[in-house]
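# Examination of the molecular architecture
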Amino acid sequence: MPRAFSISPLAGGLVASMLLAATPGMARAAGAPVILAQHPGTELDRQARRLMVEDLHTATTHGERPVLLTGSGQLSDDPSRTALFVQVQSVSLCGSAGCSTSVYLPDARRNWTRVLDSVSGPVVITPQTHDGMHDLLVDGTDRWVWNGTTYTDTQATTAP
């Protein structure tokens, strides 16, 4: 179930366009990879730190200096559907598959909602859409599609 997180007191749509439209490395076209990079001191970085406060705290309590990477990409033709991609890099949080990335969308109530959690590998916003939102391709082979509320994995899982 998606979780909502409060953002700044600015209006939701305005926040999305202000925070994400000017992000360096923003994936602007379908088929473009999402570029994750450090953006220290920016509003985008401040919002991401609020969203990832627990992970950052966990890494810090392990004596680590975690690195926060952010990126953004427009997931539909509607500019308010521009997503915030966040990854925390630290020894305690990253495993053999690498570090995980979470994806958040803003809503009209000034909240961030996590719509994809803990995927590892590069993320590409594909030209294909489901329910008006572009599919996401993770690590070159793992396609995630929009179900109206969140992104779901299309890879079949095997029964235990």
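Residues numbered from 1 in each chain as written. Predicted model: local features only at pLDDT ≥ 70, side-chain atom pairs only at ≥ 80, totals over all residues. Heavy atoms only, no water.

Scanning the protein for helices and strands turns up three helices and ten strands. Here the protein holds 160 residues, and 43% of them are scored as buried. Of all intrachain contacts in the protein linking residues separated by at least 6 positions in sequence, the fraction that spans at least 24 positions is 47%. Total accessible area on the protein is roughly 8200 Å²; 54% of this is exposed by carbon and sulfur atoms. (Helix = DSSP H or I, 4+ residues; strand = E, 2+ residues; numbered from the N terminus. Buried < 20%, exposed > 50% of the residue type's maximum accessible area, 1.4 Å probe, protein only. Contact = heavy atoms within 4.5 Å. Areas by Shrake-Rupley, 256 points an atom, 1.4 Å probe, with all protein chains shown as cover.)

Here we come to the confidence of the model for the protein. In the predicted model, the protein carries a mean pLDDT of 82, and 78% of its residues have values of at least 70. Note that pLDDT drops below 50 for residues 1–18; the model gives that stretch 43 contacts with residues more than four away or on any other chain. (pLDDT = per-residue confidence, 0-100.)

Glancing now at unusual backbone geometry. The backbone of Asp131 sits at a positive phi, close to 50 degrees, despite the residue not being glycine. One can find Asp131 in the loop between strand S7 (123–130) and strand S8 (133–138). Overall, Asp131 belongs to the exposed group, its relative accessible area being 62%. Look at Asp139: it is not a glycine, yet its phi comes out positive at around 60 degrees. Following the sequence through the fold, Asp139 ends up in the loop between S8 and strand S9 (142–146).

Next up on the list: the nonpolar core. In terms of nonpolar packing, the biggest core is built from 17 residues, with Leu75, Phe85, Leu136 and Tyr151 touching the most fellow members. Aside from chain neighbours lying at most four places away, what touches Leu136 is Leu75, Leu116, Val123, Val124, Ile125, Thr126, Asp142, Arg143, Trp144 and Tyr151. Ranked by size, the runner-up nonpolar core spans eleven residues in total, among them Leu44, Met52, Val88 and Tyr104. (Core = buried A, V, L, I, M, F, W, Y, C linked by side-chain atoms within 4.5 Å.)

The element strand S3 (residues 67–74) is largely enclosed, with a buried count of six among its eight residues. The pairing of S3 with strand S4 (residues 82–89) spans eight bridges and is antiparallel. Each bridged residue has a counterpart across the sheet, and for Gly71 the counterpart in S4 is Phe85. (Pairing = 2+ DSSP bridges.)

Looking now at the pairing of S7. Two elements, strand S2 (residues 32–33) and S7, share two bridges in a ladder whose sense is antiparallel. From the neighbouring strand, Ala32 faces S7, where its bridge partner is Ile125. Linkage of S7 to S8, two consecutive antiparallel strands, is achieved through a turn of two residues, within which Asp131 is found at a positive phi near 50 degrees.

Moving on, we come to the packing of aromatic side chains. Counting across every chain of the model gives one aromatic pair. Both rings, one in Trp146 and one in Tyr151, keep their centres 5.1 Å apart while their planes meet at 65 degrees; by these two values the pair is edge-to-face. (Phe/Tyr/Trp six-rings, centres within 6.5 Å; stacked < 30°, edge-to-face > 60°.)

Next up on the list: the pattern of salt bridges. When charged atoms on two side chains of opposite charge get close, those side chains can pair. One pass over the full model with this rule turns up five salt bridges. Among the salt bridges present, the one from Asp135 reaches Arg143, with a minimum N-O distance of 3.3 Å. The class of Asp135 is buried, set by a relative accessible area of 1%. (Salt bridge = Lys/Arg side-chain N within 4 Å of Asp/Glu carboxyl O.)

Tracing the chain through its elements places Thr150 in the loop between S9 and strand S10 (151–153). A relative accessible area of 18% means that Thr150 is categorised as buried. A polar contact of 2.6 Å, which involves the side chain of Thr150, links it to the backbone oxygen of Val115. (Polar contact = N/O pair within 3.5 Å; in protein donor to acceptor, adjacent residues only side chain to side chain.)

The next thing to look at is the sheet that holds S10. Spatially, S2-S7-S8-S9-S10 is the arrangement adopted by the five strands of the open sheet, whose pairing is antiparallel. For this open sheet the edge positions go to S2 and S10, each flanked by a neighbour on one side alone.

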